[in-house]
Amino acid sequence: MKGMEPLDEILKRIDRTNSTKNTSENKNQKEENNLGYDCKICNNTRWFVEEPFENAPASERKIIACECQEKIWIDSSNNRLKEYSQLESFERFTFDNIELGTNERFSEPSSFRKAYHEAQKFVVNKEGWLIITGPSGTGKTHLAAAIGNALLEQGDPVKFISIPNLLDHFRSALSSETETNYDDTFQQTIEAPILILDDLSVNNLSGWAEEKLDQILTHRYNRRMPTIVTTSKYFYELNDRFRTRLSDPYFSSIINIQPGRNIEQVLGTGLSKRIREKMTFKNFTTSGAQKSSNTQKRSLKEAYEVAKIFAEEPSGWLYLAGPTGVGKTHLAISIMNESTNNNFSVLFKFLPDLLDDLRTSYGPNGNDSFDKVFNQVKNVDLLILDDLGTEASTPWAEEKLYQIIVHRYDLILPTVFTSRITLESIGNKNNLITNKYSDAIVSRLSDANVVTERYLSAPDFRNRG
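*Asks:* Before we go on, may I ask you to explain the packing of helix H14 (residues 351-362) against helix H15 (residues 370-379) in this structure?
*Replies:* Any two packed helices are characterised by the angle at which their axes cross and by the distance between the axes. At a closest axis distance of 8 Å, the pairing of H14 and H15 adopts a crossing angle of 150°. Taken together, H14 and H15 sit at an angle that is classed as roughly antiparallel. Seen from H14, the contacting residues are Leu-354, Leu-358, Ser-361 and Tyr-362; seen from H15, they are Phe-370, Val-373, Phe-374 and Val-377. For the contact of H14 with H15, a count of residues per class yields seven nonpolar, one polar and no charged.

Here it is in structure tokens:
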């Protein structure tokens, strides 16, 4: 095909030409050519991918530069590739300055180590898709940029793009006030030999934005073009088309970086220091009030023993039920104190307060972004939700509670619930307290393989006569 030539040869020739030209002339020529050179050979993609046969693996493809690149970039080959990559702001992000196992506060070491090795493997193989997921601050962008910089060192053309910036660039290119050609911008993105899309986590995408991203992903998916995507969203939060393309088991490697064990708790417990010091396993009485029967005392003792075992090694879910004042919250706070001492990150929250905090972070006056708050609630080592069933019943509240429960259930993350509702009655649609919960929530709370329930039956400790 006319205009096609091995990339290393065209780079060498451009370098030889550059050495004989005046620097100022190069700069002026570069500015003139970059205003918008229209190439009919490559339709302004600037690259060709030559395949010996359809759907050939990346190892057998050749990335070939169009001859128009000589007219667009006339400086050295390294500088041309750097400019094309858009990695100038991320030069400090390399594999060399990643210290594995030293940032436990931000990411869980074993999951980050796995992502690190998968990233290095991509640099070597340069095929398929690598999807890196995880909450904000766990190192996804660092790994993606490290891949890009390593590919640059090898002389591979790679384009690194932040998705929010990409969408802004598309909007700008569509504006009549700019000289940037939209088709040019879109084609160079969709046809990049290796593309890194950072931060597929934009909330409330417009139909137009979703369509543009879908076109990019679909085109690259159908042509099996090497692509890296980072996102802090979970797959059930993505639309169906995004999810289908990103999760193809025969083409994509999905790596999830778990948050660190000692992440900051952005939501306070709402408990005073005095209450925390008062409610411990040591001062929990299993004898109950004076009028407690032997059966009631036994229920307190059984709940105490189960809670103590759970606190020593949190596993599965614990559901403490019973009327007001029997000690459910006392045991839950005792679990929190014990687990915190054992270096677990723990979030204790009165459930109505938790939903209020999420609403606040969701609004324009929130101190932290909603995604950051919500992801920490979903992923904290141990989550304790106090007084399930007392929260206001709204579609929004149930949706958030459902997402928390489903996520922690799927990953079997240690969780404690206290409630005045027994699991036996929580699914009773005739019960005015429990008919707020969907079958999906009730089903997960009722799974005896995950959930251990203890019912505390005793007189109200607060009413001592």
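*Asks:* Teacher, can you tell me more about the confidence of the model for the chain here?
*Replies:* It should be kept in mind that the predicted coordinates are not to be read in detail where pLDDT is low. With 76% of its residues at a pLDDT of 70 or more, the chain has an overall mean of 78. The weakest mean pLDDT in the chain belongs to helix H2 (residues 23-33) at 41; the strongest belongs to strand E9 (residues 317-321) at 96. The low-confidence segment residues 1-35 (pLDDT under 50) makes 54 contacts with residues lying over four places distant or belonging to another chain. Confidence over residues 262-267 falls short of pLDDT 50; this stretch has 22 contacts with residues more than four positions distant or in other chains.

*Asks:* Looking at this structure, I do not really get the packing of aromatic side chains. What am I missing?
*Replies:* Pairs of aromatic rings are described using the distance from one ring centre to the other and the angle between the two planes. Here the structure, examined in full by the defined rule, presents eleven aromatic pairs. Each ring, one from Phe-95 and one from Tyr-116, has its centre 5.6 Å from the other, and the planes form 90°; the classification is edge-to-face. With Phe-95 in the loop between helix H4 (77-85) and helix H5 (109-125) and Tyr-116 in helix H5, the pair connects residues that are 21 residues apart, well separated along the chain. Side by side, Phe-95 and Tyr-116 carry an identical accessibility label, which is buried.

*Asks:* Even after reading the chapter, I still don't get the pattern of salt bridges, so can you show me in this structure?
*Replies:* Here the structure, examined in full by the defined rule, presents eight salt bridges. Residue Asp-240 pairs with Arg-243 through a salt bridge whose shortest N-O separation is 2.3 Å. Taken together, the residues Asp-240 and Arg-243, both in helix H10 (residues 240-246) and three residues apart, mark about one turn of the helix. The exposure class assigned to Asp-240 is exposed, which follows from its relative accessible area of 52%. Residues Arg-420 and Asp-387 are paired through a salt bridge, measuring 3.3 Å at the closest nitrogen-oxygen approach.

*Asks:* Could you clarify how one ought to interpret the nonpolar core in this entry?
*Replies:* The tendency in soluble globular proteins is for nonpolar side chains to be buried as a group. By size, the foremost hydrophobic cluster in this structure holds 55 residues, and its most contacted members are Phe-95, Leu-143, Ile-147, Leu-197, Leu-200 and Leu-246. Among the elements that line this core, the one with the most residues is helix H6 (residues 140-153), at eight residues. Each residue touching Leu-197, except ones within four places of it in the same chain, is listed here: Ile-161, Ile-163, Leu-166, Ile-216, Leu-217, Ile-228, Val-229 and Thr-230. Counting residues in hydrophobic clusters, the runner-up holds 30 residues, among them Leu-351, Val-373, Ala-397 and Val-450.

Calculation criteria
- Residues numbered from 1 in each chain as written.
- Predicted model: local features only at pLDDT ≥ 70, side-chain atom pairs only at ≥ 80, totals over all residues.
- Heavy atoms only, no water.
- Axes fitted to C-alpha atoms, helices over the stretch in contact; angles between N-to-C directions.
- Helix = DSSP H or I, 4+ residues; strand = E, 2+ residues; numbered from the N terminus.
- Parallel < 35°, antiparallel > 145°, perpendicular 65-115°, else oblique.
- Contact = heavy atoms within 4.5 Å.
- Nonpolar A, V, L, I, M, F, W, Y, C, P; charged D, E, K, R; others polar.
- pLDDT = per-residue confidence, 0-100.
- Phe/Tyr/Trp six-rings, centres within 6.5 Å; stacked < 30°, edge-to-face > 60°.
- Buried < 20%, exposed > 50% of the residue type's maximum accessible area, 1.4 Å probe, protein only.
- Salt bridge = Lys/Arg side-chain N within 4 Å of Asp/Glu carboxyl O.
- Core = buried A, V, L, I, M, F, W, Y, C linked by side-chain atoms within 4.5 Å.

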